[in-house]
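Summary of the model geometry
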Amino acid sequence: MRRRMLVVGNWKMHGSIAFAVDLAKTVVDASCNFASMDIAICPPHVLLGVVGTQLGGSEVALGAQTVSEFAEGAYTGETAASMLAELGCKFVIVGHSERRHLFGETNDIVAAKAAMALAAGMTPIICVGERLEDRKNGTTRTVIGEQLRPFMEPPGIDTLRQAVIAYEPVWAIGTGETATPKEAQDVHNFIRSSIAVVDKSISDTIRILYGGSVKPDNAPDLFRMTDIDGSLVGGASLKADDFLLICGSTQPN
Ligand code: 13P
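Below or above, wherever it landed, is the structure these notes cover.

What counts and what doesn't
Residues numbered from 1 in each chain as written. Predicted model: local features only at pLDDT ≥ 70, side-chain atom pairs only at ≥ 80, totals over all residues. Heavy atoms only, no water. Helix = DSSP H or I, 4+ residues; strand = E, 2+ residues; numbered from the N terminus. Rg over C-alpha atoms; globule rule 2.2 N^0.38 Å. Buried < 20%, exposed > 50% of the residue type's maximum accessible area, 1.4 Å probe, protein only. Contact = heavy atoms within 4.5 Å. Areas by Shrake-Rupley, 256 points an atom, 1.4 Å probe, with all protein chains shown as cover. Pairing = 2+ DSSP bridges. Near = heavy atom within 4 Å. Polar contact = N/O pair within 3.5 Å; in protein donor to acceptor, adjacent residues only side chain to side chain. Nonpolar A, V, L, I, M, F, W, Y, C, P; charged D, E, K, R; others polar. Phe/Tyr/Trp six-rings, centres within 6.5 Å; stacked < 30°, edge-to-face > 60°. Lys NZ or Arg CZ within 6 Å of the ring centre and 35° of its normal. Salt bridge = Lys/Arg side-chain N within 4 Å of Asp/Glu carboxyl O. Core = buried A, V, L, I, M, F, W, Y, C linked by side-chain atoms within 4.5 Å. Axes fitted to C-alpha atoms, helices over the stretch in contact; angles between N-to-C directions.

1. A closer look at the overall build of the protein chain
- Across its full length, the protein chain carries 12 helices and eight strands.
- What you see for the protein chain is a C-alpha radius of gyration of 17 Å, in line with the 18 Å of a compact globule of 253 residues.
- Counting only C-alpha atoms and orienting by the principal axes, one finds that the protein chain spans roughly 50 × 45 × 35 Å.
- Per-residue burial for the protein chain yields a buried fraction of 52% across its 253 residues.
- Long-range pairs, those at least 24 residues apart, make up 72% of the contacts in the protein chain between residues at least 6 apart in sequence.
- Put simply, the protein chain shows about 11300 Å² of open surface, and 56% of that area lies on carbon and sulfur atoms.

Here you go:
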């Protein structure tokens, strides 16, 4: 059976209060057209409050782009999972490639963040993906296998049971380049099969999103792939029309 599709907008470090209110309201107003799928939007932390107010009572979920791996304390500039949950976040992106490569987040830090999100009642969206040189060297599977490693044994496996995975090839992020549907499906299938080795029930139910220059014109073909259960959308999530077209592409023809 087809898993329920999920489309998540990752606004990254874009927007203002006025922009956020307007975009969130437009998405909420259209969301009644998408009853058979799930939608979430992840604004920058400082905009979570105003966006959460717009989403209140709607089916569109609020998500955060990262979370601290610490519960609370003297960690200047960090945001605790409990604070995000209190603002109404249902999802937290962890291990986005920009966090891994620009801010030095290791696989173990990503696992700690995912566990924090889950302990606060939120669903972690665990991002994995290879760089261009990994793909050229033929090490895509090794790199992704290593990124998944902390989630393949206790206690990480318990996090995985309630998580979402996002496959985001780094070379396709913000570049306009997209993995072909077949390239994406191959990696999604590799991820699902790797999980099946340790827990078949998780592999059957976990949603694996594709991210990397998803646009209205390439979304339908990506969503036709059996192991692609939605997308994590960057640039196109900042344009209401494009984001809603992508959401609409998840509906069976
Ligand atoms: P783009 O859709 O802009 O390529 O970004 C993808 C991404 O990083 C989503 O998290």
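2. Observations regarding the pairing of strand β5 (residues 123-128)
- In terms of residue burial, β5 counts as a mostly covered element, since five of its six residues are buried.
- By the bridge criterion, four bridges tie strand β4 (residues 89-94) to β5 in an arrangement that is parallel. The residue of β5 that forms the bridge with V94 is I126.
- Bridge count for β5 against strand β6 (residues 164-167) is four bridges, and the pairing is parallel. Considered in β6, the bridge of I126 is made with I165.

3. Some points on the site of the ligand
- Taken together, N10, K12, H96, E168, A172, I173, G174, G212, S213, L232, G234 and G235 make up the full set of residues near the ligand.
- Take N10: an N or O atom from its side chain is 3.0 Å from an oxygen atom of the ligand.
- A distance of 2.9 Å separates an oxygen atom of the ligand from a polar side-chain atom of E168.
- Classifying every residue of the shell around the ligand gives three nonpolar, seven polar and two charged.

4. Overview of the packing of aromatic side chains
- Going through the model one piece at a time under the given rule, you end up with three aromatic pairs.
- Considering the side-chain rings of F70 and Y75, the 4.1 Å spacing of their centres and the 5° angle between planes classify their relative orientation as stacked.
- On the basis of relative accessible area, F70 is assigned to the partly exposed category, the value being 34%.
- Of the residues examined, Y75 reaches a relative accessible area of 36% and is grouped as partly exposed.
- We note R99 situated over the ring of F103; from NZ or CZ to the ring centre the distance is 4.2 Å.

5. Regarding the pattern of salt bridges
- Evaluated as defined, the whole model comprises 20 salt bridges.
- Its salt-bridge partner being R135, residue E130 comes within 2.7 Å of it at the nearest N-O pair.
- Given a relative accessible area of 0%, E130 falls into the buried group.
- Through salt bridges with shared partners, one network takes in R3, R192, D227 and D229.

6. Some details on the nonpolar core
- Core analysis: the biggest nonpolar cluster contains 66 residues, and V51, L160, I165, I191 and Y210 have the highest contact counts within it.
- Per element, the largest residue contribution to this core is six residues, and it comes from helix α1 (residues 17-30).
- Not counting the four nearest positions on each side in its chain, V51 is found in contact with W11, A20, A24, I41, P43 and L62.
- By size, the runner-up hydrophobic cluster in this structure holds 13 residues, among which are A61, F91, C127 and L209.

7. A word on the sheet that holds strand β2 (residues 38-42)
- Sheet architecture is closed into a barrel: eight strands sit in the order β1-β2-β3-β4-β5-β6-β7-β8, paired in parallel fashion. Looking at each pair of strands side by side, their axes are set apart by 25° on average, direction ignored.
- Bridge count between strand β3 (residues 60-64) and β4: three bridges; the pairing is parallel. Paired with A64 across the strands is V92, a residue of β4.
- This element, helix α5 (residues 107-119), spans β4 and β5 of the sheet and lies at about 160° to β5.

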